[in-house]
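Observations on the three-dimensional arrangement
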Amino acid sequence: MPAAMPTPARPARAAPPRPRVQASAPRETAEDVALGSHLNASTVAVISGTPGGTYFRMASDLAFVLDGVKDLRVLPVMGKGAGQNAYDLRYLRGIDIGFVRTDSLDQLRKDRRVGNAQAHIAYIARLFNDELHVVASRELTDIRQLAGRKVSFDVRGSGTDVSGRAMFAGLGLAVEAVNVDQPAALGMLERGEIAAVVSVAAKPVAVLAEFQAGDRFRLLDVPFAGAAAESYMPAELTHADYPLLAPEGAPVRTLAVGTILAAYNWPKGSERYNRIARFVDAFFSQYDAFLKPPRHPKWREVNLTAEVADWPRFPAAKDWLEHRSGPAPRVAAAPGEVAQFLTQRRAAGEVDRDQLYQEFLKWRDGRGR
């Protein structure tokens, strides 16, 4: 008789699924709501630049100096630099204020994708000039020797990427552009992988001043000529600024571009507008604190009443200045004016750049500006 087949075990009955319990959001107390509203109403976000850069340092100055003034909190946000900052200020949610440049604002205005940029961005103050730095081997004696060679312009979208490329184009100098961060670029320069490192930033730029490469490298002179003279200003870099890269007694000639502290132009009376207005009041009323160490020395070059041609001033800033007695606001020098002045002056290239610029200011004042 055949052996009985084993009875297959019955599968265990699955336990019925437990009904999902919808987790309810924790209830906020009136105190929670009030505290959150207070923190948001008192905080402004400032888009700056890359770590170690001028804008990053100056945004930190804003945070330290203005902390608690008018119950204010400044929140620095790391950015790519002036080129991208103009777009971030226009489009990124949560960004109230940013460091931008005159040429990056012009680029934004010319971008066909951007509608009416001047209606959305207003300036709080024209700050200072950022200088063009071109670091190369001492074997190079003329910037034109960089033609066709690899040159780093910092990360893509940075202020150096936008302004530096535009300056080179204005000089009619075509190079093979490379986009890497500045410390990496300096390493590539030391290894001979690129011919030069460009930085457009307020002197002294820490990463360049601290560049320890013996006597192998130097800052190259940049001529104030061509289309660059129509868009930028003449400037100088000295041995005091860069003891390892600039010779004593012979300033390095270069170009400069204006930096602006700009804000998103929220409707007057809105919550976001009121935040920026609170910042403006604190920034202007406490400005003397920015003139003392350890704050960045570029703060000492700022004239808060200087205007920016073709751009609106943020209404709260305009109101603040108009209700304070002081010298009448003046429009910052336009690059085209400098070019006009130079065409009327003989042997301009043989004159000290700082002296030349002072002569330009006297010339402009004599024309009733």
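Right above here is the structure, for reference.
What counts and how
- Residues numbered from 1 in each chain as written.
- Predicted model: local features only at pLDDT ≥ 70, side-chain atom pairs only at ≥ 80, totals over all residues.
- Heavy atoms only, no water.
- Core = buried A, V, L, I, M, F, W, Y, C linked by side-chain atoms within 4.5 Å.
- Buried < 20%, exposed > 50% of the residue type's maximum accessible area, 1.4 Å probe, protein only.
- Helix = DSSP H or I, 4+ residues; strand = E, 2+ residues; numbered from the N terminus.
- Contact = heavy atoms within 4.5 Å.
- Phe/Tyr/Trp six-rings, centres within 6.5 Å; stacked < 30°, edge-to-face > 60°.
- Lys NZ or Arg CZ within 6 Å of the ring centre and 35° of its normal.
- Axes fitted to C-alpha atoms, helices over the stretch in contact; angles between N-to-C directions.
- Left-handed = near helix turned anticlockwise from the far one by under 90°.
- Salt bridge = Lys/Arg side-chain N within 4 Å of Asp/Glu carboxyl O.
- Polar contact = N/O pair within 3.5 Å; in protein donor to acceptor, adjacent residues only side chain to side chain.
- Arc of directions from axis to C-beta.
- Pairing = 2+ DSSP bridges.

What follows is about the nonpolar core. Of all hydrophobic cores here, the largest spans 40 residues; its most connected members are Leu62, Leu66, Ile124, Phe279, Phe283, Phe284 and Phe314. For this core, the secondary-structure elements that each account for two or more residues are strand E1 (43–47), helix H2 (54–66), strand E3 (97–101), strand E4 (121–137), strand E10 (252–264), helix H10 (271–285) and helix H11 (315–322). Other than its neighbours up to four places away in sequence, leucine 66 contacts Leu72, Val74, Phe279, Ala282, Phe283, Gln286 and Phe290. Judged by nonpolar contacts, the second largest core, of 23 residues, contains Leu140, Ile143, Ala195 and Phe224.

This paragraph deals with the packing of aromatic side chains. Each aromatic ring pair is specified by the distance between its two centres and by the angle formed by the two planes. One pass over the structure, following the stated rule, counts 14 aromatic pairs. Judged by centre distance (5.7 Å) and plane angle (40 degrees), the rings of phenylalanine 283 and phenylalanine 284 are tilted. Of the two residues examined, phenylalanine 283 and phenylalanine 284, each falls in the buried class. Taken together, the aromatic side chains of Phe279, Phe283, Phe284, Tyr287, Phe290, Trp299 and Trp320 make up a single cluster linked through ring pairs. Between arginine 165 and the ring centre of phenylalanine 153, over which it is positioned, the NZ or CZ distance is 5.9 Å.

Turning to the packing of H10 against H11, a few remarks are in order. Think of two packed helices as two axes; the pair is described by the angle between the axes and how far apart they sit. For the pair H10 and H11, interaxial distance at closest approach is 9 Å and the crossing angle is 35 degrees. Crossing geometry of H10 relative to H11 is assigned as right-handed. In contact with Tyr273, Ala277, Val280, Asp281, Phe284 and Ser285 of H10, H11 contributes Pro315, Ala316, Ala317, Trp320 and Leu321.

Now for the pattern of salt bridges. Applying the stated criterion across every chain yields a total of 16 salt bridges. Aspartate 61 is paired through a salt bridge with arginine 295; the nearest N and O atoms lie 3.4 Å apart. With aspartate 61 in helix H2 and arginine 295 in the loop between H10 and H11, the pair connects residues that are 234 residues apart, well separated along the chain. Between glutamate 271 and arginine 275 there is a salt bridge whose closest N-O contact spans 3.3 Å. Placement of both glutamate 271 and arginine 275 in helix H10 is noted, with a separation of 4 residues, approximately one turn of the helix. Since its relative accessible area comes to 48%, glutamate 271 is described here as partly exposed. Given a relative accessible area of 12%, arginine 275 falls into the buried group.

One can find threonine 305 in the loop between H10 and H11. Within the structure, threonine 305 has its side chain in polar contact with the side chain of asparagine 303 (distance 2.8 Å).

Next up on the list: helix H3 (residues 82–91). With 8 of 10 residues buried, H3 lies mostly within the body of the structure. For H3, the full list of buried residues reads Ala82, Gly83, Asn85, Ala86, Tyr87, Asp88, Leu89 and Arg90.

This part takes up H11. Among the residues of H11, Ala316, Ala317, Trp320 and Leu321 are the ones counted as buried. The buried residues of H11 occupy one face: seen down the axis, they fall within an arc of 130 degrees.

As a further point, take the pairing of E3. With respect to burial, E3 is a largely interior element, 5 of its 5 residues being buried. Here E3 shows a buried face lined by Ile97, Phe99 and Arg101 and a second buried face lined by Gly98 and Val100. Taken together, the 2 bridges between E1 and E3 define a ladder with parallel strand orientation. Residue pairing for E3: valine 46 is matched across the bridge by isoleucine 97. Of the strand pairs in this sheet, E3 and E10 are connected by 5 bridges, and their pairing is antiparallel.

Take the pairing of strand E7 (residues 196–201) next. Within E7, 6 of the 6 residues are buried, which leaves it mostly tucked inside the rest of the structure. A two-sided burial pattern is seen for E7, the buried positions comprising Ala196, Val198 and Val200 on one face and Val197, Ser199 and Ala201 on the other. One ladder, built from 6 bridges, connects E4 with E7; its direction is antiparallel. Bridge assignment links valine 134 to a residue of E7, and that residue is valine 198.

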